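Descriptive structure summary
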Amino acid sequence: MVYKLSKVSAHVICWLPLIYLIFAAIHRTLGADPQEIMLHLLGFWALVFLLLSLSVTPLRRVFQFPILVNFRRMLGLYAGWYMLLHVALFFTFYLNLDISELVNEVIERPYITVGMLALLLMLPLVVTSTKAMQRRLGKKWKALHRLAYLIGALSIVHFVWQSKSDLNEPLLYAVWLVVVLVSRRSIK
Amino acid sequence: MKNRKFRSLYSSIKEQQITPEEAFWNRRAFLKKLGYLSAGLPLLGNNGLLNAQTKGNIFTTTEPLSSEYVITHHNNFYEFSTNKSRPAELATEFKPGNDWKVKVTGNVEKPGEYTLEDILSWVDIEERIYRLRCVEGWSMVVPWQGFQLSDLINRVKPSSNAKYIEFKTLQSRSTFPGQKRGALGFHVLPWPYKEGLRMDEAMNPLTFIATGVYGKNLPGQNGAPLRLVVPWKYGFKSIKSVVSIRFLEQRPTNTWHKSAPREYGFFANVNPAVAHPRWSQANERRITDESFFGVKRIPTQLFNGYQDQVAPMYVGMDLVREF
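To start, this report covers the structure provided alongside it. (Residues numbered from 1 in each chain as written. Chains lettered and ligands numbered in written order. Predicted model: local features only at pLDDT ≥ 70, side-chain atom pairs only at ≥ 80, totals over all residues. Heavy atoms only, no water.)

In terms of helices and strands, chain B carries 10 helices and 12 strands. Sorting the 323 residues of chain B into buried and exposed places 57% on the buried side. A fraction of 71% describes how many contacts in chain B between residues 6 or more apart in sequence connect residues 24 or more apart. Carbon and sulfur atoms make up 52% of the accessible area of chain B, which totals about 13,900 Å². (Helix = DSSP H or I, 4+ residues; strand = E, 2+ residues; numbered from the N terminus. Buried < 20%, exposed > 50% of the residue type's maximum accessible area, 1.4 Å probe, protein only. Contact = heavy atoms within 4.5 Å. Areas by Shrake-Rupley, 256 points an atom, 1.4 Å probe, with all protein chains shown as cover.)

In structure tokens, the structure reads:
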């Protein structure tokens, strides 16, 4: 019961950023360029959910709290969902739904190439996220899902690459990712 | 829709409805120019503001104005913050007045430290409606008030070996929190912010110093009290809160060029054919108001649409190499 409740509230929390963004867009509280703010915040939440899902394993080991693992998949899927929304908004408002321009951007703009690669790598993880797939793939599943670290790294590179000069914020996420990676190695 | 409403409101309320508290230096000079102070019949004044909108006038445009809200709440003013909405919040205490000082140095006959009051006494305030194109890919249409930079330059008389002009923004960590180091110890940019123009660019009739916007004193976040406006160049050339003007024989460096030489040049002329290394400059996102659909993607024009006035200055220059 408690478990069910915590799961439901976790879902609600994961939807809150999106609900807030839609609410704020309608009420014109996203500033002078709401499309841009929404684009950046969707990307931000995708990265945060990804880093949270990667933090589950070290956290449950440190705090001896094995039940946390049940939130790992959920956080990862929400990361994928926010990534998709992020790209959909870019495609709609920045590229006017022009496929050829999307292809062009992916080829010519390295930060978009990297971001798109992160999204593409996310797809097999989403598809194989079910318990049945996990059982079927066995050991291979674990290896495949280590791609999440690469996706995290690519997302941070994408973030650094598109920002004009302020590296302070994206580097904080890089530190977070490194801490998660290192703690994984040291607490076996 | 909202914008159009605002525009007609803006041209009909005129100055008499703006409260005296809001008005100090800019208003006085502006009213003097419009003849309101002497005529005392502002209701008849269908001049001044509207004069700028005469057909064929290069100093205006018929495109819809960006709303006052977006112009004053979407500011790349890294001295306050790299976040574009923060300068409006952080600049509430930044209200430079008549004692603001500008140092004029270098190859010039009348060097010195001039106050804002001195400078405003030399010039007439007029309105210019200019397109503003940011190097990041967004743009606005802004009704500035101010004066032609050439008026100031002629006053201080640069000598014949003054080939360039360099501007600096105020450096003050107490005024500008963004000039402190970031969380991980990085400076966002090397301070103070510097910009430069070639002398012919500085003397071009389009080159303007803004003291106001939408008929009010220039807000802190827009670069009060004196902000350069060079409408055919990317916005980062239009340096804010100027405290120093130096006349030089050699080309000065500019902050963004120094910070990322491959990405930002000295000239920074708006050019849809020359992409930024990381993104295309072929289109721009024109921001008219703060609604979710208040942004529209449109093609970018060479020299931001001011080619007739400025292209002759760059004849024979390779615009791809000298970006």
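There's more to say after this.
What follows deals with the interface of chain A and chain B. Between chain A and chain B, the residue contacts involve 28 residues of the former and 36 residues of the latter. Summed over both partners, the interface of chain A with chain B comes to about 2,800 Å²; 55% of that surface belongs to carbon and sulfur atoms. For the interface between chain A and chain B, the tally reads 4 salt bridges. Between Glu290(B) and Arg28(A) there is a salt bridge, with the nearest N and O atoms lying 3.8 Å from each other. Applying the counting criterion to the chain A and chain B interface returns 7 residue pairs in polar contact (both at pLDDT 80 or more). Within the residue set of the side of chain A that touches chain B, elements represented by two or more residues are α2 (34–62), α3 (70–94), α4 (99–108), α8 (147–162) and α9 (168–186) of chain A. The element contributing the most residues to the side of chain A that touches chain B is α2(A), with 4 residues. (Buried area = accessible area lost by both parts, 1.4 Å probe. Salt bridge = Lys/Arg side-chain N within 4 Å of Asp/Glu carboxyl O. Polar contact = N/O pair within 3.5 Å; in protein donor to acceptor, adjacent residues only side chain to side chain.)

Every α-helical turn comprises 3.6 residues, leaving residues that sit three or four positions apart pointing alike. Residue and element names in this part refer to chain A. Over its 25 residues, helix α1 (residues 2–26) extends 35 Å from the first C-alpha to the last, a length consistent with the 36 Å expected when each residue adds 1.5 Å. Remark: the principal bend of α1, roughly 35°, maps to Leu16, with a proline, Pro17, within the next four residues. Considered for burial, the residues of α1 that qualify are Ala10, Cys14, Pro17, Leu18, Leu21, Ala24 and Ala25. Contact partners of the buried residues in α1: α2 and α3. Arg28, located one to two residues past α1, shows a positive phi value of around 55°. (Expected span 1.5 Å × (residues − 1). Bend = angle between axes of the 7 residues up to and from the residue.)

All names here are of chain B. Scanning the entire structure with this criterion turns up 20 salt bridges over all chains. In this structure, the salt-bridge partner of Glu284 is Arg133, at a minimum N-O distance of 3.2 Å. With Glu284 in strand β11 (residues 283–287) and Arg133 in strand β3 (residues 126–133), this pair connects stretches of sequence that are 151 residues apart. Across the pair Glu201 and Lys233 runs a salt bridge, and its minimum N-O distance is 2.8 Å. Here Lys233 lies in the loop between β9 (227–229) and β10 (242–248) and Glu201 lies in helix α8 (residues 199–203), a separation of 32 residues in the sequence. Judged by relative accessible area, which is 0%, Glu201 ranks as buried.

Moving on: a positive patch on the surface. Together, Arg61(A), Lys142(A), Arg146(A) and Arg185(A) make up a region of like positive charge exposed at the surface. Note on placement: Lys142(A) falls in helix α7 (residues 139–145). (Patch = residues over 30% accessible without salt bridge, like charges linked within 9 Å, V, L, I, M, F, W, Y side chains within 5 Å. Lys, Arg positive; Asp, Glu negative; His and termini not counted. Charge placed at Lys NZ, Arg CZ, Asp CG, Glu CD.)

A few words now on the environment of Gln35(A). When you line up the elements, Gln35(A) lands in helix α2. For Gln35(A), a relative accessible area of 2% corresponds to the buried category. Setting aside chain neighbours within four positions, we find Gln35(A) in contact with Leu89(A), Phe93(A), Tyr94(A), Arg285(B), Phe292(B), Phe293(B) and Val295(B). Within the local environment of Gln35(A), its side chain forms a polar contact with the backbone oxygen of Phe292(B), the two atoms lying 2.9 Å apart.

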